[in-house]
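# Breakdown of the fold
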Amino acid sequence: MKRPLGRTPGLARASVAAGSVVASVAAALISFGCAGEGGEAGVVELSLGHVGSPGSLYDVTANEFARRVNERLAGRAELHVYGASQLGGDDAMLQRLRLGTLDMSIPSTIMSSMVDAFGLFEMPYLVRDREHMKRIEEAVVWPELAPRAEEAGYRVLAVWENGFRHITNSRRPIHGPEDLSGIKLRTPRGVWRVKLFQALGANPTPMPFSEVFVALQTGVMDGQENPLTQVTSSKLHEVQDYLSLTGHVYSPAFVTTGAGPWERHPEDVRTEVEAIAREMQAFVYETAARMDEELLAELEATEMEINAADPARFESASEPVYEEFAATVEGGQSLIDRAREAGAPEADS
C-alpha cells in the first residue's frame, strides 16, 4: 500500500534550506538583544525555543504559556516564542541556554544525553499514565533529577509533556519486536532510545526532528517513533504507511533554563514566570489527552494502516536496557524502584 508523497524531494530540501536561514536570523535576533536585555521602557525581553511544528502540543502549550506570562507581567516582561526549530535542534538550544543567548527551551529525550539520570524516562512502559507521572515528578524529578540538572548547568522550572510514543514506518505493521528487524528507524538524540531500539532489533539512527520528514520521504529512514501530535503536525503520515500503537515510552518535557544566565533577570520576574510554568501543567496534560483522542481519529481517516501492538513482548525484550541503566547510572536502580513505587496502589492511599 503506497500513496502519493506529500512533497517532492526538491521542494522538501528547499524547505529545509529556507528553515536554516530562518534559524540563523532568529538566532541573530536573540544574540543581539532578545534574550534578557531590557526592552522598551525597561521591559525584560524573554525568549523560549522549541522544536514543535505549528499545531503540535509544544506549539499550543508554549503559546499559551507566553500568553499567560505576557498578560500577568504586562509592563515588566514579555515572552517571545520561537518554535519549529527556528533556533536549531534541542542540542543547539541547550547550548544557547548555558550561554545565555536563549532564556528557555522545552527539551525532552535529549536531557538523557546531558544528564544520564534523565534516561529514567527512556525506560519502556515505566510511566503508566499522567497521574503516575505526577507522582514520579514529586518522588524523583524534584528531589533527584533537578539537582543533577543544576550541576550540569541547567535549571528545570516545570514538567510538561512530549507524550506517549508510537512507531510509524513505510514497510510493515509492528506487532512485536521481531517486526522491527531491519527497520531503519530515526530516534531523537538520546543514548537510551538508541540502546532500546537496538535491543528490539531495529537499526536506530539519531537525527534532529527538523530532518525527519525528508529522511522518511526519500527513504533514508524507514520509520520513526513519536507522539501522535508530532506525527500529525509534521505531516509524517503523508510519508508513512503504518502506525503501530506501541506506547513504548512516555516522554515528559522539561521547561528548562541556563542555571547561571537565568539569575540575571529580576527576581520578581523569575518567580512569576516559574510559578506560571508550573501552573501550566494542568493545561498541558488536559490538552495532550484531548489531542491524543482527536488525532488518532484523524489518522484513522487517512490511508495509514493502524494496528495495536503487544506491550508485554516489547517490555520483555527491553529488559536488558533496564539492567544497563541500573548498572551504569549512579543510583539507577533506586531511580527505577522509586518511579515504580510511585505507581503502586498504596501510593494512592
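The structure presented is a predicted model; accordingly, all values stated were derived computationally and were not measured.

Reading guide: rules and limits
Residues numbered from 1 in each chain as written. Predicted model: local features only at pLDDT ≥ 70, side-chain atom pairs only at ≥ 80, totals over all residues. Heavy atoms only, no water. Helix = DSSP H or I, 4+ residues; strand = E, 2+ residues; numbered from the N terminus. Buried < 20%, exposed > 50% of the residue type's maximum accessible area, 1.4 Å probe, protein only. Contact = heavy atoms within 4.5 Å. Areas by Shrake-Rupley, 256 points an atom, 1.4 Å probe, with all protein chains shown as cover. Pairing = 2+ DSSP bridges. Axes fitted to C-alpha atoms, helices over the stretch in contact; angles between N-to-C directions. Arc of directions from axis to C-beta. Polar contact = N/O pair within 3.5 Å; in protein donor to acceptor, adjacent residues only side chain to side chain. Phe/Tyr/Trp six-rings, centres within 6.5 Å; stacked < 30°, edge-to-face > 60°. Core = buried A, V, L, I, M, F, W, Y, C linked by side-chain atoms within 4.5 Å. Salt bridge = Lys/Arg side-chain N within 4 Å of Asp/Glu carboxyl O. Parallel < 35°, antiparallel > 145°, perpendicular 65-115°, else oblique. Nonpolar A, V, L, I, M, F, W, Y, C, P; charged D, E, K, R; others polar.

### Quick notes on the overall build of the chain
- Regarding its fold elements, the chain presents 12 helices and 11 strands.
- For the chain, buried positions account for 56% of its 349 residues.
- Sequence separation of at least 24 residues holds for 76% of the intrachain contacts in the chain that already meet a minimum separation of 6.
- Carbon and sulfur atoms make up 52% of the accessible area of the chain, which amounts to about 13,900 Å² in all.

### Considerations on the sheet that holds strand 11 (residues 305-308)
- One open sheet holds the six strands; their spatial order is 7-6-8-5-9-11, and the pairing between them is mixed. In this open sheet, the two strands that pair with only one neighbour each are strand 7 (203-206) and strand 11. The mean angle between the axes of side-by-side strands here comes to 25 degrees, regardless of whether they run parallel or antiparallel.
- Where strand 6 (residues 184-187) and strand 7 come together, four bridges link them in parallel fashion.

### What to know about helix 11 (residues 319-328)
- What helix 11 keeps buried is the set Val321, Tyr322 and Phe325. Buried residues of helix 11 fall within an arc of 100 degrees about the axis and therefore sit on the same side. Counted as exposed and oriented over 90 degrees from the buried face of helix 11: Glu323, Ala327 and Thr328.
- At its buried positions, helix 11 is contacted by helix 6 (191-199) and helix 12 (332-341).

### Thoughts on unusual backbone geometry
- For alanine 84, which is not glycine, the phi torsion reads 55 degrees and is therefore positive.
- Tracing the backbone through its elements, the reader meets alanine 84 in the loop between strand 2 (77-82) and helix 3 (90-99).
- Overall, alanine 84 belongs to the partly exposed group, its relative accessible area being 40%.
- The phi dihedral of tyrosine 125 is positive, around 60 degrees, even though this residue is not glycine.
- Among the secondary structure elements, tyrosine 125 is positioned in the loop between helix 4 (111-114) and helix 5 (130-151).
- Here tyrosine 125 falls in the buried class, since its relative accessible area comes to 19%.

### A look at the side chain of serine 112
- Tracing the chain through its elements places serine 112 in helix 4.
- Within polar-contact distance, the side chain of serine 112 engages the backbone oxygen of threonine 109 at 2.8 Å.
- Excluding residues that lie within four positions of it along the chain, serine 112 makes contacts with Phe118, Gly119, Glu122, Gly190, Val191 and Trp192.

### Quick word on helix 6
- Among all positions in helix 6, only Trp192, Arg193, Val194, Leu196 and Phe197 are buried.
- Where helix 6 terminates, the next one or two residues include glycine 201, which has phi positive at roughly 100 degrees.

### Observations concerning the packing of aromatic side chains
- Counted under the stated rule, the structure contains five aromatic pairs.
- Ring plane angle 50 degrees and centroid distance 6.1 Å describe the contact between phenylalanine 121 and phenylalanine 254, whose orientation is recorded as tilted. Linking phenylalanine 121 in the loop between helix 4 and helix 5 with phenylalanine 254 in strand 10 (residues 250-258), this pair joins segments that are 133 residues apart in sequence.
- Residue classification places phenylalanine 121 among the buried positions, given a relative accessible area of 3%.

### Quick look at the nonpolar core
- Ranked by size, the top nonpolar core spans 79 residues in total, and within it Phe65, Met104, Leu120, Phe121, Trp160 and Val273 carry the most contacts.
- Considering each element in turn, this core owes the most residues, eight residues, to helix 5.
- Beyond its immediate stretch of four places on either side in the chain, phenylalanine 121 contacts Val127, Met133, Ile136, Val141, Leu145, Val249, Tyr250, Pro252 and Phe254.
- Counting residues in hydrophobic clusters, the runner-up holds 10 residues, among them Phe209, Met221, Leu236 and Val239.

### Structural notes on the pattern of salt bridges
- In the structure shown here, the tally under the stated rule is 24 salt bridges.
- The salt bridge partner of glutamate 178 is arginine 313, with a shortest N-O separation of 2.0 Å. Note that glutamate 178 is positioned in the loop between strand 5 (166-169) and strand 6 and arginine 313 in helix 10 (residues 311-317), a separation of 135 residues in sequence.
- For glutamate 178, a relative accessible area of 47% translates into the label partly exposed.
- Take arginine 313: its relative accessible area is 33%, and that puts it in the partly exposed class.
- Two residues, aspartate 310 and arginine 313, come together in a salt bridge whose shortest N-O distance is 3.9 Å.
- Among the charged side chains, a salt-bridge network with shared partners connects Glu64, Arg67, Arg68 and Glu71.

### Quick word on the pairing of strand 5
- Burial along strand 5 is two-sided: His166 and Thr168 and Ile167 and Asn169, pointing in opposite directions, are all buried.
- The sheet contact formed by strand 5 and strand 8 (residues 223-226) spans four bridges and is antiparallel. Paired with threonine 168 across the bridge in strand 8 is glutamine 224.

### Description of the packing of helix 5 against helix 12
- Between helix 5 and helix 12, the shortest axis-to-axis distance is 8 Å and the interhelical angle comes to 155 degrees. Comparing the axis directions of helix 5 and helix 12 gives the class roughly antiparallel. Note on element contacts: helix 12 touches helix 5 through Leu335, Arg338, Ala339 and Arg340, opposite His132, Ile136, Ala139, Val140, Pro143, Glu144, Leu145 and Arg148.
- When the residues that make up the contact of helix 5 with helix 12 are grouped by side-chain class, the tally is seven nonpolar, one polar and four charged.

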